[in-house]
Amino acid sequence: RRRHGSFVVDGARVEAVAQRAHWQPLEYNALHGGIERWFEPLETSLVADPLWQRLLLMLAQRASALRGDTRAWYTEAHQFRIDTAGGIGRPTPEGAHRDGVDLVAVMLMARSGVKGGETRVFDADGPAGQRFTMSEPGQMLLADDARVIHETTPIQPTEANRVGHRDTLVITLRAGAFQGP
């Protein structure tokens, strides 16, 4: 399950953008690239929460530090619940990929009744990388999308006949504009 929202973060201002499709080119997402993908919007209560505003501002500051300026950041937020109702849940069915943005933040929100779900981050231009499993709510990966590719391995239930899940919040920041066809 997935929810999606878009924002422009400019200086100290966070502006929600009207609901729009998520789109990536084929070069970044071989499985779903080139398709306008519509998802349910983020919950209104989340978007109105002052902590949400502070999180987006903090990530925009990190993106500005990464790129050496303070431009406006076109920000997309994705709430994911990947479950094991079908036996296996696939957090990144497209495999190792880049998102075509400047900064990617992946935050674990919850994890229950699952094994697997190893996060893998590799240099975009070589074999060096790291592998780890996010296990505690609030753990966050910040990735320079131009320099690395990332993926998360499938999850399986820890108990037979029980559905487990892994909830993440993925926020991407891109300079200049949202991606679109």
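Residues take numbers from 1 onward in each chain, read along the sequence in its written order. It should be noted that, the model being predicted, local features are given only for residues of pLDDT at least 70 and side-chain atom pairs only at 80 or more, the latter also being counted only at that level, while totals for whole chains, interfaces and linings use all residues. Water and hydrogen atoms were dropped before computing side-chain values, which therefore reflect all heavy atoms in the structure.

Participant: Sorry if this is basic, but what is going on with the sheet that holds strand β10 (residues 148-152) here?
Facilitator: Within a sheet, neighbouring strands are paired by backbone hydrogen bonds and run either parallel or antiparallel to one another. With respect to topology, 3 strands assemble into an open sheet ordered β8-β7-β10, the strand pairing being antiparallel. Each of the sheet's edge strands pairs with one partner strand only, and the pair in question is β8 (129-133) and β10. The sheet shows a mean angle of 15° between the axes of neighbouring strands, taken without regard to direction. A pair of strands is treated as paired once DSSP finds two or more bridges between them. Starting at the N terminus, helices and strands are each numbered in turn, a helix being any DSSP run of H or I of at least four residues and a strand any DSSP run of E of at least two. Note: strand β7 (residues 118-123) against β10, 5 bridges, orientation antiparallel. Across the sheet, Phe122 pairs through a bridge with Ile149, a residue of β10. Each axis is a line fitted through C-alpha atoms, and for a helix only the stretch in contact is used; angles between axes span 0 to 180 degrees, taken between their N-to-C directions.

Participant: What should I look at first to understand the packing of aromatic side chains in this one?
Facilitator: Any pair of aromatic rings gets described here by the distance separating the centres and the angle formed by the planes. Here a pair means two rings of Phe, Tyr or Trp (six-membered ring of Trp) with centres within 6.5 Å. Their orientation is stacked below 30 degrees between planes, edge-to-face above 60, and tilted elsewhere. Scanning the model with the defined rule gives 2 aromatic pairs in all. With centroids separated by 5.2 Å and ring planes inclined at 85°, the aromatic side chains of Tyr74 and Phe178 adopt a geometry described as edge-to-face. Of the two residues, Tyr74 sits in strand β4 (residues 73-83) while Phe178 sits in the segment after β12 (165-175), which places them 104 residues apart along the sequence. When its relative accessible area of 18% is taken as the criterion, Phe178 is described as buried. Note on geometry: a ring has a charge over it if NZ (lysine) or CZ (arginine) is within 6 Å of the ring centre and within 35 degrees of the ring normal. Between the NZ or CZ atom of Arg20 and the centre of the ring of Phe178, over which it lies, the distance is 4.1 Å. Burial classification: accessible surface area is computed with a 1.4 Å probe over protein chains only, and a residue below 20% of its type maximum counts as buried, one above 50% as exposed, and the rest as partly exposed.

Participant: What's the story with helix α2 (residues 50-67) in this structure? I'm lost.
Facilitator: Residues three or four positions apart in an α-helix share a direction because the helix packs 3.6 residues into each turn. For a helix, the expected span equals 1.5 Å multiplied by the residue count minus one. For α2, spanning 18 residues, the distance from its first C-alpha to its last is 26 Å, which sits close to the expected 26 Å at 1.5 Å a residue. Trp52, Leu55, Leu56, Leu59, Ala60, Ala63 and Ser64 are the residues of α2 that are buried. A side-chain oxygen of the first residue of α2 lies 2.7 Å from the backbone nitrogen of Leu51; this N-cap is Asp49. One or two positions beyond α2, positive phi appears at Gly68, with a value near 75°. Two N or O atoms form a polar contact when they lie within 3.5 Å of each other; inside protein one atom must be a possible hydrogen donor and the other a possible acceptor, and for residues adjacent in sequence the pair counts only when both atoms belong to side chains.

Participant: What is the right way to look at the nonpolar core in this model?
Facilitator: The nonpolar side chains of soluble globular proteins are, as a tendency, buried together. Take the buried Ala, Val, Leu, Ile, Met, Phe, Trp, Tyr and Cys residues and link them wherever side-chain atoms come within 4.5 Å; each set so joined is a nonpolar core. Ranked by size, the top nonpolar core spans 19 residues in total, and within it Phe7, Trp52, Leu55, Leu56, Ile171 and Leu173 carry the most contacts. Contributing elements (two or more residues each) for this core: β1 (2-10), α2, β4, β5 (103-112) and β12. Whether two residues touch is decided by their heavy atoms; if any such pair falls within 4.5 Å, the residues are in contact. Those residues in contact with Leu56 that lie beyond four places of it in its chain are Phe7, Val9, Val14, Thr75 and Ile171. Val101, Val104, Met134 and Val148 belong to the second-largest nonpolar core, a separate cluster that totals 11 residues.

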